[in-house]
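Chain by chain, the residues:
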Protein chains: 2
Amino acid sequence: MPDATLDSLDQAILRRLQVDCRAIAESIGAQIGLSAAAVQRRIKRLRETGVITKEVAVVDPKAVGVNMSFVVSVEMERERIEVIEAFRKQVLDDPAVQQCYYVTGSADFVLMVVCRDMAEFEAFTRRAFFDNGEVRHFTTSVVMDRMKVGLTVPLNGG
Amino acid sequence: MPDATLDSLDQAILRRLQVDCRAIAESIGAQIGLSAAAVQRRIKRLRETGVITKEVAVVDPKAVGVNMSFVVSVEMERERIEVIEAFRKQVLDDPAVQQCYYVTGSADFVLMVVCRDMAEFEAFTRRAFFDNGEVRHFTTSVVMDRMKVGLTVPLNGG
DNA sequence: CTTGAAAATTTCCCCCT
DNA sequence: AGGGGGAAATTTTCAAG
(Lines give C-alpha, C1' and ligand atoms only; values in the text may rest on other atoms or scores of the structure.)
Protein backbone atom coordinates (compact mmCIF):
# COMPACT_ATOMS: atom_id res chain seq x y z
CA MET A 1 0.00 0.00 0.00
CA PRO A 2 2.96 2.40 0.33
CA ASP A 3 3.83 4.26 -2.79
CA ALA A 4 5.64 1.91 -5.11
CA THR A 5 7.58 4.72 -6.79
CA LEU A 6 6.11 4.87 -10.25
CA ASP A 7 8.28 6.26 -12.99
CA SER A 8 6.89 7.99 -16.05
CA LEU A 9 6.72 4.68 -17.92
CA ASP A 10 4.51 3.14 -15.26
CA GLN A 11 2.30 6.20 -15.36
CA ALA A 12 2.01 5.99 -19.11
CA ILE A 13 1.01 2.35 -18.83
CA LEU A 14 -1.58 3.18 -16.19
CA ARG A 15 -3.00 6.00 -18.28
CA ARG A 16 -3.57 3.52 -21.06
CA LEU A 17 -4.93 0.74 -18.84
CA GLN A 18 -7.35 3.05 -17.06
CA VAL A 19 -9.07 3.61 -20.38
CA ASP A 20 -8.69 0.12 -21.82
CA CYS A 21 -7.18 -2.70 -19.82
CA ARG A 22 -7.36 -4.97 -22.85
CA ALA A 23 -4.74 -2.94 -24.65
CA ILE A 24 -2.06 -5.41 -25.68
CA ALA A 25 1.38 -5.03 -24.20
CA GLU A 26 3.07 -4.74 -27.56
CA SER A 27 0.87 -1.78 -28.51
CA ILE A 28 1.54 -0.04 -25.22
CA GLY A 29 5.23 -0.73 -25.58
CA ALA A 30 5.31 0.75 -29.07
CA GLN A 31 3.73 3.91 -27.72
CA ILE A 32 6.20 4.43 -24.89
CA GLY A 33 9.30 2.77 -26.28
CA LEU A 34 9.41 -0.50 -24.40
CA SER A 35 9.30 -4.15 -25.37
CA ALA A 36 6.15 -6.16 -24.82
CA ALA A 37 7.90 -8.23 -22.19
CA ALA A 38 8.98 -5.16 -20.25
CA VAL A 39 5.44 -3.78 -20.34
CA GLN A 40 4.05 -7.09 -19.11
CA ARG A 41 6.54 -7.17 -16.31
CA ARG A 42 5.54 -3.70 -15.18
CA ILE A 43 1.84 -4.47 -15.42
CA LYS A 44 2.33 -7.57 -13.33
CA ARG A 45 4.17 -5.53 -10.73
CA LEU A 46 1.48 -2.86 -10.72
CA ARG A 47 -1.04 -5.58 -9.97
CA GLU A 48 1.01 -7.24 -7.28
CA THR A 49 1.81 -4.01 -5.49
CA GLY A 50 -1.84 -3.02 -5.45
CA VAL A 51 -1.51 0.01 -7.68
CA ILE A 52 -3.98 -1.71 -9.97
CA THR A 53 -6.64 -2.98 -7.58
CA LYS A 54 -8.79 -4.73 -10.16
CA GLU A 55 -9.73 -4.88 -13.81
CA VAL A 56 -13.42 -4.69 -14.53
CA ALA A 57 -15.94 -4.60 -17.34
CA VAL A 58 -18.13 -1.52 -17.28
CA VAL A 59 -21.72 -2.38 -18.09
CA ASP A 60 -24.12 0.16 -19.57
CA PRO A 61 -26.94 0.38 -17.01
CA LYS A 62 -29.54 1.23 -19.66
CA ALA A 63 -28.61 -1.84 -21.64
CA VAL A 64 -29.60 -4.07 -18.74
CA GLY A 65 -32.75 -2.17 -17.80
CA VAL A 66 -31.28 -0.12 -14.98
CA ASN A 67 -32.65 3.23 -16.03
CA MET A 68 -32.38 5.42 -12.97
CA SER A 69 -29.58 6.78 -10.83
CA PHE A 70 -29.79 8.70 -7.59
CA VAL A 71 -27.48 10.70 -5.42
CA VAL A 72 -28.58 10.25 -1.83
CA SER A 73 -27.29 12.18 1.17
CA VAL A 74 -27.82 10.44 4.49
CA GLU A 75 -27.73 11.86 7.98
CA MET A 76 -27.51 9.48 10.92
CA GLU A 77 -28.97 9.91 14.37
CA ARG A 78 -25.61 9.45 16.07
CA GLU A 79 -22.19 9.47 14.54
CA ARG A 80 -20.92 6.51 16.51
CA ILE A 81 -18.45 3.99 15.18
CA GLU A 82 -20.86 1.13 15.65
CA VAL A 83 -23.53 2.91 13.69
CA ILE A 84 -21.09 3.72 10.91
CA GLU A 85 -19.88 0.14 10.74
CA ALA A 86 -23.37 -1.27 10.63
CA PHE A 87 -24.28 1.09 7.82
CA ARG A 88 -21.14 0.11 5.93
CA LYS A 89 -21.99 -3.56 6.05
CA GLN A 90 -25.49 -2.81 4.88
CA VAL A 91 -24.47 -0.83 1.82
CA LEU A 92 -21.70 -3.26 0.93
CA ASP A 93 -24.28 -5.99 0.66
CA ASP A 94 -26.80 -3.95 -1.27
CA PRO A 95 -26.41 -4.27 -5.06
CA ALA A 96 -28.37 -1.05 -5.61
CA VAL A 97 -25.61 0.92 -3.88
CA GLN A 98 -22.92 1.52 -6.46
CA GLN A 99 -20.89 3.86 -4.31
CA CYS A 100 -20.91 5.02 -0.71
CA TYR A 101 -18.76 7.73 0.84
CA TYR A 102 -18.45 8.78 4.47
CA VAL A 103 -18.15 12.55 4.32
CA THR A 104 -17.77 15.73 6.30
CA GLY A 105 -20.49 18.37 6.34
CA SER A 106 -24.18 18.27 7.07
CA ALA A 107 -24.57 14.78 5.64
CA ASP A 108 -22.80 11.72 7.00
CA PHE A 109 -22.90 9.63 3.83
CA VAL A 110 -23.32 10.23 0.14
CA LEU A 111 -24.55 7.29 -1.91
CA MET A 112 -24.82 6.57 -5.62
CA VAL A 113 -27.80 4.31 -6.04
CA VAL A 114 -28.86 2.64 -9.28
CA CYS A 115 -32.27 1.07 -9.87
CA ARG A 116 -34.46 -0.24 -12.65
CA ASP A 117 -37.27 2.16 -11.80
CA MET A 118 -38.78 4.33 -9.11
CA ALA A 119 -40.50 1.40 -7.44
CA GLU A 120 -37.19 -0.32 -6.97
CA PHE A 121 -35.71 2.83 -5.53
CA GLU A 122 -38.56 3.14 -3.07
CA ALA A 123 -38.00 -0.42 -2.01
CA PHE A 124 -34.36 0.46 -1.49
CA THR A 125 -35.11 3.50 0.66
CA ARG A 126 -37.41 1.40 2.79
CA ARG A 127 -34.95 -1.38 3.51
CA ALA A 128 -31.95 0.93 3.82
CA PHE A 129 -33.40 3.95 5.59
CA PHE A 130 -36.87 3.51 7.01
CA ASP A 131 -36.12 0.09 8.45
CA ASN A 132 -32.95 1.52 9.96
CA GLY A 133 -33.64 3.33 13.20
CA GLU A 134 -30.31 5.11 13.03
CA VAL A 135 -31.10 7.09 9.91
CA ARG A 136 -32.37 10.55 10.87
CA HIS A 137 -32.87 11.97 7.42
CA PHE A 138 -32.00 11.49 3.77
CA THR A 139 -32.19 13.64 0.66
CA THR A 140 -32.57 12.26 -2.84
CA SER A 141 -31.39 13.85 -6.07
CA VAL A 142 -32.53 12.15 -9.24
CA VAL A 143 -29.83 11.94 -11.89
CA MET A 144 -31.04 13.39 -15.18
CA ASP A 145 -27.75 13.01 -17.02
CA ARG A 146 -24.67 10.95 -16.24
CA MET A 147 -22.33 13.47 -17.82
CA LYS A 148 -19.14 11.79 -16.72
CA VAL A 149 -18.85 8.43 -15.02
CA GLY A 150 -15.58 6.75 -14.22
CA LEU A 151 -13.02 5.85 -11.59
CA THR A 152 -10.09 7.32 -13.45
CA VAL A 153 -7.32 8.79 -11.35
CA PRO A 154 -5.32 11.74 -12.64
CA LEU A 155 -1.71 10.82 -13.44
CA ASN A 156 0.75 13.64 -14.02
CA GLY A 157 -0.08 14.73 -17.52
CA GLY A 158 -3.20 12.71 -17.98
CA MET B 1 -28.68 0.88 -27.37
CA PRO B 2 -31.88 -1.22 -27.60
CA ASP B 3 -32.00 -3.98 -25.08
CA ALA B 4 -30.10 -6.90 -26.52
CA THR B 5 -32.26 -9.40 -24.59
CA LEU B 6 -29.83 -10.92 -22.17
CA ASP B 7 -30.56 -14.40 -20.96
CA SER B 8 -29.47 -15.66 -17.57
CA LEU B 9 -26.19 -16.92 -19.01
CA ASP B 10 -25.28 -13.49 -20.31
CA GLN B 11 -26.15 -12.03 -16.93
CA ALA B 12 -23.98 -14.56 -15.16
CA ILE B 13 -21.10 -13.69 -17.47
CA LEU B 14 -21.59 -9.98 -16.81
CA ARG B 15 -21.72 -10.52 -13.08
CA ARG B 16 -18.34 -12.16 -13.29
CA LEU B 17 -16.81 -9.64 -15.69
CA GLN B 18 -17.99 -6.69 -13.63
CA VAL B 19 -15.79 -7.92 -10.82
CA ASP B 20 -12.90 -9.25 -12.88
CA CYS B 21 -12.76 -8.84 -16.62
CA ARG B 22 -9.61 -10.95 -16.77
CA ALA B 23 -11.53 -14.00 -15.72
CA ILE B 24 -10.78 -16.61 -18.37
CA ALA B 25 -13.61 -17.88 -20.50
CA GLU B 26 -13.02 -21.48 -19.53
CA SER B 27 -13.40 -20.64 -15.85
CA ILE B 28 -16.59 -18.70 -16.46
CA GLY B 29 -17.91 -21.50 -18.61
CA ALA B 30 -17.23 -24.09 -15.94
CA GLN B 31 -19.21 -22.01 -13.49
CA ILE B 32 -22.29 -21.65 -15.67
CA GLY B 33 -22.09 -24.81 -17.74
CA LEU B 34 -20.85 -23.55 -21.08
CA SER B 35 -17.79 -24.18 -23.22
CA ALA B 36 -15.03 -21.60 -23.39
CA ALA B 37 -15.84 -20.85 -27.02
CA ALA B 38 -19.48 -20.20 -26.22
CA VAL B 39 -18.54 -17.84 -23.43
CA GLN B 40 -16.12 -15.99 -25.72
CA ARG B 41 -18.76 -15.58 -28.37
CA ARG B 42 -21.19 -14.12 -25.86
CA ILE B 43 -18.59 -11.76 -24.47
CA LYS B 44 -17.78 -10.57 -27.95
CA ARG B 45 -21.44 -9.93 -28.61
CA LEU B 46 -21.85 -8.09 -25.30
CA ARG B 47 -19.02 -5.80 -26.38
CA GLU B 48 -20.34 -5.25 -29.87
CA THR B 49 -23.86 -4.48 -28.75
CA GLY B 50 -22.60 -1.96 -26.22
CA VAL B 51 -23.73 -3.82 -23.12
CA ILE B 52 -20.09 -3.81 -22.09
CA THR B 53 -18.99 -0.26 -22.80
CA LYS B 54 -15.37 -0.69 -21.81
CA GLU B 55 -12.92 -2.69 -19.75
CA VAL B 56 -10.70 -0.70 -17.45
CA ALA B 57 -8.02 -1.06 -14.82
CA VAL B 58 -8.98 0.46 -11.49
CA VAL B 59 -6.07 2.32 -9.96
CA ASP B 60 -5.78 2.86 -6.22
CA PRO B 61 -5.70 6.66 -5.83
CA LYS B 62 -3.57 6.48 -2.69
CA ALA B 63 -0.96 4.42 -4.50
CA VAL B 64 -0.38 7.23 -6.98
CA GLY B 65 -0.47 10.04 -4.45
CA VAL B 66 -4.08 11.09 -4.97
CA ASN B 67 -5.09 11.20 -1.34
CA MET B 68 -8.27 13.25 -1.27
CA SER B 69 -11.76 12.88 -2.65
CA PHE B 70 -14.58 15.41 -2.60
CA VAL B 71 -18.27 15.41 -3.28
CA VAL B 72 -19.18 18.79 -4.70
CA SER B 73 -22.69 20.10 -5.28
CA VAL B 74 -22.90 22.91 -7.80
CA GLU B 75 -25.68 25.41 -8.37
CA MET B 76 -25.66 27.43 -11.58
CA GLU B 77 -26.92 30.96 -12.10
CA ARG B 78 -29.25 29.94 -14.88
CA GLU B 79 -30.35 26.50 -15.90
CA ARG B 80 -30.01 27.12 -19.61
CA ILE B 81 -28.94 24.49 -22.11
CA GLU B 82 -25.93 26.50 -23.22
CA VAL B 83 -24.73 26.84 -19.66
CA ILE B 84 -25.19 23.14 -19.04
CA GLU B 85 -23.33 22.24 -22.20
CA ALA B 86 -20.44 24.55 -21.43
CA PHE B 87 -20.14 23.06 -17.98
CA ARG B 88 -20.21 19.55 -19.41
CA LYS B 89 -17.33 20.24 -21.74
CA GLN B 90 -15.36 21.75 -18.90
CA VAL B 91 -15.71 18.79 -16.55
CA LEU B 92 -15.09 16.27 -19.33
CA ASP B 93 -11.72 17.85 -19.93
CA ASP B 94 -10.78 18.12 -16.28
CA PRO B 95 -8.87 15.09 -14.97
CA ALA B 96 -9.73 15.97 -11.38
CA VAL B 97 -13.40 15.36 -12.11
CA GLN B 98 -13.95 11.65 -11.85
CA GLN B 99 -17.70 11.83 -12.12
CA CYS B 100 -20.30 14.47 -12.89
CA TYR B 101 -24.07 14.13 -12.70
CA TYR B 102 -26.77 16.57 -13.73
CA VAL B 103 -29.42 16.23 -11.05
CA THR B 104 -32.79 17.41 -9.80
CA GLY B 105 -33.15 19.23 -6.50
CA SER B 106 -31.48 22.28 -5.04
CA ALA B 107 -28.17 21.51 -6.77
CA ASP B 108 -27.72 21.33 -10.52
CA PHE B 109 -24.65 19.11 -10.56
CA VAL B 110 -22.98 16.67 -8.24
CA LEU B 111 -19.29 16.02 -8.85
CA MET B 112 -16.79 13.49 -7.55
CA VAL B 113 -13.44 15.23 -7.54
CA VAL B 114 -10.10 13.59 -6.75
CA CYS B 115 -6.92 15.49 -5.93
CA ARG B 116 -3.46 14.94 -4.53
CA ASP B 117 -4.01 17.45 -1.74
CA MET B 118 -6.04 20.42 -0.62
CA ALA B 119 -3.96 22.86 -2.65
CA GLU B 120 -4.80 20.97 -5.81
CA PHE B 121 -8.46 21.00 -4.88
CA GLU B 122 -8.39 24.74 -4.33
CA ALA B 123 -6.81 25.17 -7.72
CA PHE B 124 -9.61 23.08 -9.14
CA THR B 125 -12.36 25.13 -7.50
CA ARG B 126 -10.81 28.28 -8.85
CA ARG B 127 -10.60 27.17 -12.46
CA ALA B 128 -13.90 25.33 -12.41
CA PHE B 129 -16.09 27.58 -10.26
CA PHE B 130 -14.64 30.97 -9.47
CA ASP B 131 -13.45 31.58 -13.02
CA ASN B 132 -16.87 30.51 -14.25
CA GLY B 133 -19.37 33.34 -14.05
CA GLU B 134 -22.27 30.94 -14.34
CA VAL B 135 -21.63 29.17 -11.05
CA ARG B 136 -23.77 30.67 -8.33
CA HIS B 137 -22.72 28.47 -5.44
CA PHE B 138 -21.03 25.21 -4.59
CA THR B 139 -20.81 23.03 -1.51
CA THR B 140 -17.90 20.73 -0.75
CA SER B 141 -17.98 17.54 1.30
CA VAL B 142 -14.62 16.00 2.05
CA VAL B 143 -14.59 12.24 1.76
CA MET B 144 -13.29 10.63 4.93
CA ASP B 145 -13.87 7.05 3.83
CA ARG B 146 -14.51 5.57 0.42
CA MET B 147 -16.67 2.79 1.81
CA LYS B 148 -17.79 1.45 -1.52
CA VAL B 149 -16.52 2.55 -4.90
CA GLY B 150 -17.53 0.93 -8.13
CA LEU B 151 -19.60 1.13 -11.30
CA THR B 152 -21.25 -2.22 -10.81
CA VAL B 153 -24.78 -2.57 -12.10
CA PRO B 154 -27.22 -4.91 -10.36
CA LEU B 155 -28.13 -7.92 -12.47
CA ASN B 156 -31.06 -10.03 -11.35
CA GLY B 157 -29.66 -12.01 -8.50
CA GLY B 158 -26.41 -10.15 -8.14
C1' DC C 1 -23.33 -25.08 -28.77
C1' DT C 2 -19.26 -28.14 -28.92
C1' DT C 3 -15.08 -29.94 -30.29
C1' DG C 4 -10.43 -29.38 -32.12
C1' DA C 5 -6.95 -26.77 -34.55
C1' DA C 6 -4.76 -22.15 -35.63
C1' DA C 7 -3.53 -17.52 -34.16
C1' DA C 8 -2.55 -14.29 -30.85
C1' DT C 9 -0.99 -12.88 -26.31
C1' DT C 10 1.05 -13.45 -22.12
C1' DT C 11 4.65 -15.46 -19.26
C1' DC C 12 9.10 -17.16 -18.28
C1' DC C 13 14.09 -17.90 -18.73
C1' DC C 14 18.51 -16.35 -19.94
C1' DC C 15 21.73 -12.88 -21.39
C1' DC C 16 22.78 -8.25 -21.72
C1' DT C 17 23.53 -3.32 -19.99
C1' DA D 1 17.69 -3.39 -11.18
C1' DG D 2 15.79 -3.32 -15.36
C1' DG D 3 15.40 -4.22 -20.43
C1' DG D 4 15.57 -7.20 -24.83
C1' DG D 5 14.83 -11.46 -27.35
C1' DG D 6 13.06 -15.87 -28.00
C1' DA D 7 10.66 -20.16 -26.46
C1' DA D 8 6.86 -22.18 -23.78
C1' DA D 9 2.32 -22.01 -21.94
C1' DT D 10 -2.20 -20.00 -21.83
C1' DT D 11 -6.02 -17.88 -23.94
C1' DT D 12 -8.69 -16.39 -27.66
C1' DT D 13 -10.33 -16.98 -32.36
C1' DC D 14 -11.83 -19.63 -36.21
C1' DA D 15 -13.72 -23.65 -38.91
C1' DA D 16 -16.54 -27.70 -39.01
C1' DG D 17 -19.99 -30.86 -37.17
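Along every chain, residues carry numbers that run from 1 in the direction the sequence is written. Key to labels: chains lettered from A, ligands numbered from 1, both in the order written. Residue-level local features of this predicted model are given only where pLDDT is at least 70; pairs of side-chain atoms are given and counted only at 80 or more, and the full residue set underlies all totals for whole chains, interfaces and linings. Heavy atoms from the whole structure form the basis of all side-chain values; hydrogens and water molecules are not counted.

- Within an unreviewed UniProt entry, the label attached to chain A reads AsnC family transcriptional regulator, and the organism entered is Amycolatopsis pithecellobii.

## Observations concerning the protein's contact with DNA strand D
Link 1 in the chain: We call a residue near a molecule or strand as soon as one heavy atom of that residue lies within 4 Å of the molecule or strand. For DNA strand D, the full set of nearby residues is A:Leu34, A:Ser35, A:Ala37, A:Ala38, A:Arg41, A:Arg42, B:Ile24, B:Ala25, B:Ala37, B:Gln40 and B:Lys44.
Link 2 in the chain: Counting only the atoms of DNA strand D that lie within 4 Å of the protein, the sugar and phosphate share comes to 75%.
Link 3 in the chain: Here A:Arg42 contributes a side-chain N or O atom positioned 2.3 Å from a phosphate oxygen of DNA strand D.
Link 4 in the chain: Those elements that provide at least two residues to the surface near DNA strand D are helix H3 (36-48) of chain A together with helix H3 (36-48) of chain B.
Link 5 in the chain: Looking at the surface near DNA strand D element by element, the count peaks at four residues for H3(A). Polar contact is defined as a pair of N or O atoms within 3.5 Å, subject to the rule that within protein one atom must be able to donate a hydrogen and the other to accept it, and that residues adjacent in sequence are counted only when both atoms are side-chain atoms. Secondary structure follows DSSP: runs of H or I at least 4 residues long count as helices, runs of E at least 2 residues long count as strands, and numbering of each begins at the N terminus.

## Digging into the protein's contact with DNA strand C
Link 1 in the chain: Within the structure, DNA strand C sits among A:Ile24, A:Ala25, A:Ala37, A:Gln40, A:Lys44, B:Arg22, B:Leu34, B:Ser35, B:Ala37, B:Ala38, B:Arg41 and B:Arg42.
Link 2 in the chain: The sugar-phosphate share of atoms of DNA strand C within 4 Å of the protein amounts to 71%.
Link 3 in the chain: A distance of 3.0 Å is found between a phosphate oxygen of DNA strand C and a side-chain nitrogen or oxygen belonging to A:Lys44.
Link 4 in the chain: Residue assignment for the surface near DNA strand C shows that the elements contributing at least two residues are H3 of chain A together with H3 of chain B.

## Quick word on the pattern of salt bridges
Link 1 in the chain: Here a salt bridge means any side-chain nitrogen of Lys or Arg lying within 4 Å of a carboxyl oxygen belonging to Asp or Glu. Scanning the model with the defined rule gives 24 salt bridges over all chains in all.
Link 2 in the chain: Where B:Arg78 meets B:Glu134, a salt bridge forms, and the shortest distance between an N and an O atom there is 2.8 Å. Linking B:Arg78 in the loop between strand E2 (68-76) and helix H4 (81-93) with B:Glu134 in the loop between helix H5 (118-130) and strand E5 (135-148), this pair joins segments that are 56 residues apart in sequence.
Link 3 in the chain: Salt bridges sharing common partners tie together A:Asp7, A:Asp10, A:Arg42 and A:Arg45.

## Description of the packing of aromatic side chains
All names here are of chain B.
Link 1 in the chain: Here the aromatic set is Phe, Tyr and Trp, taking the six-membered ring for Trp, and pairing holds for ring centres within 6.5 Å; pairs whose planes are under 30 degrees apart are stacked, those over 60 apart are edge-to-face, and all others are tilted. Tallying each qualifying case throughout the model produces 14 aromatic pairs over all chains.
Link 2 in the chain: Look at Tyr102 and Phe109: their rings are 5.4 Å apart centre to centre, the planes differ by 40 degrees, and that puts the pair in the tilted class. Of the two residues examined, Tyr102 and Phe109, each falls in the buried class.
Link 3 in the chain: Geometrically, the ring pair formed by Phe129 and Phe138 is tilted, given 4.5 Å between the ring centres and 35 degrees between the ring planes.
Link 4 in the chain: Classification of residues uses two cut-offs on accessible area relative to the type maximum, computed with a 1.4 Å probe and protein chains only: under 20% is buried, over 50% is exposed, and between them is partly exposed. For Phe129, a relative accessible area of 2% translates into the label buried.

## Observations regarding the environment of B:Val59
Link 1 in the chain: Within the element layout of this structure, B:Val59 appears in strand E1 (residues 52-59).
Link 2 in the chain: Given the relative accessible area of 2%, B:Val59 is considered buried.
Link 3 in the chain: By definition, residues are in contact when any of their heavy atoms lie within 4.5 Å. Setting aside residues up to four positions removed in sequence, B:Val59 forms contacts with A:Leu14, A:Gln18, A:Val51, A:Val153 and B:Val64.

## Some remarks on the interface of chain A and chain B
Link 1 in the chain: Taken together, the contacts link 63 residues of chain A with 64 residues of chain B.
Link 2 in the chain: Once two parts are joined, some of their accessible surface, as seen by a 1.4 Å probe, is lost; buried area is that loss totalled over both. Summed over both partners, the interface of chain A with chain B buries about 6,300 Å², with 61% contributed by carbon and sulfur atoms.
Link 3 in the chain: Of all residues in chain A, the largest losses of buried area upon contact with chain B belong to A:Val58, A:Met147 and A:Lys148, amounting jointly to 13% of the total for that side.
Link 4 in the chain: A salt bridge links B:Asp145 to A:Arg88, with the nearest nitrogen and oxygen atoms 2.3 Å apart.
Link 5 in the chain: Of all the secondary-structure elements, those providing two or more residues to the side of chain A that touches chain B are helix H1 (8-19), strand E1 (52-59), helix H4 (81-93), strand E3 (97-103), strand E4 (109-115) and strand E5 (135-148) of chain A.
Link 6 in the chain: Pairing analysis gives seven bridges linking E1(A) to E1(B), with the strands arranged antiparallel. Counterpart to A:Ile52 in the pairing with E1(B) is B:Val59. For two strands to be treated as a pair, DSSP must find no fewer than two bridges joining them.

## A closer look at the state of the cysteines
In protein structure, a disulfide is the covalent linkage between the sulfur atoms of two cysteines.
Link 1 in the chain: Only a pair of cysteine sulfur atoms within 2.5 Å qualifies as a disulfide here. The full count for this structure, using the stated rule, is zero disulfides over all chains.
Link 2 in the chain: For A:Cys115, which is in no disulfide, the shortest distance to another cysteine sulfur is to A:Cys100 and amounts to 15 Å.

## Topic: the side chain of B:Gln99
Link 1 in the chain: Mapping B:Gln99 onto the fold places it in strand E3 (residues 97-103).
Link 2 in the chain: For B:Gln99, the side chain forms a polar contact with the main-chain oxygen of A:Gly150, separated by 3.4 Å.
Link 3 in the chain: The contacts of B:Gln99, once residues within four sequence positions are left out, are A:Gln99, A:Tyr101, A:Lys148, A:Val149, A:Gly150, A:Leu151, B:Val110, B:Leu111 and B:Met112.

## Description of H4(B)
All names here are of chain B.
Link 1 in the chain: Any helix carries an expected span of 1.5 Å times its number of residues minus one. The end-to-end C-alpha separation of H4 is 19 Å, in line with the 18 Å expected for 13 residues at 1.5 Å each.
Link 2 in the chain: Restricting attention to buried positions, one finds in H4 the residues Val83, Ile84, Phe87, Arg88 and Val91. The buried side chains of H4 occupy one side of the element, clustering within an arc of 135 degrees when seen end-on. Every exposed residue of H4 that faces more than 90 degrees away from the buried side is listed here: Ile81, Glu82, Lys89 and Asp93. Directions are taken from the helix axis to each C-beta atom, and the arc is the one they span.

## Considerations on the layout of surface pockets
Link 1 in the chain: Roughly 730 Å³ of volume is contained in the largest pocket.
Link 2 in the chain: A 1.4 Å probe that fits but cannot get out identifies a cavity on a 1 Å grid over protein atoms alone, an open set with protein on both sides within 12 Å along at least five of seven lines counts as a pocket, and a residue lines either if it has an atom within 4 Å of a point. For the largest pocket, the lining is made up of 37 residues, of which A:Lys54, B:Met147, B:Lys148, B:Val149 and B:Gly150 are closest to its centre.
Link 3 in the chain: Contributing elements (two or more residues each) for the lining of the largest pocket: E1, H4 and E3 of chain A together with helix H1 (8-19), E1, E2 and E5 of chain B.
Link 4 in the chain: Here the element with the most residues in the lining of the largest pocket is E5(B); it accounts for six residues.
Link 5 in the chain: Grid points are joined across faces, edges and corners, and a volume is the space filled by probe spheres set on the points. When its volume is computed, the second largest pocket comes out at roughly 560 Å³.
Link 6 in the chain: Together, 25 residues line the second largest pocket, and A:Ser73, A:Ser106, B:Ser73, B:Ser106 and B:Thr139 are the ones closest to its centre.
Link 7 in the chain: Within the residue set of the lining of the second largest pocket, elements represented by two or more residues are strand E2 (68-76) and E5 of chain A together with E2 and E5 of chain B.

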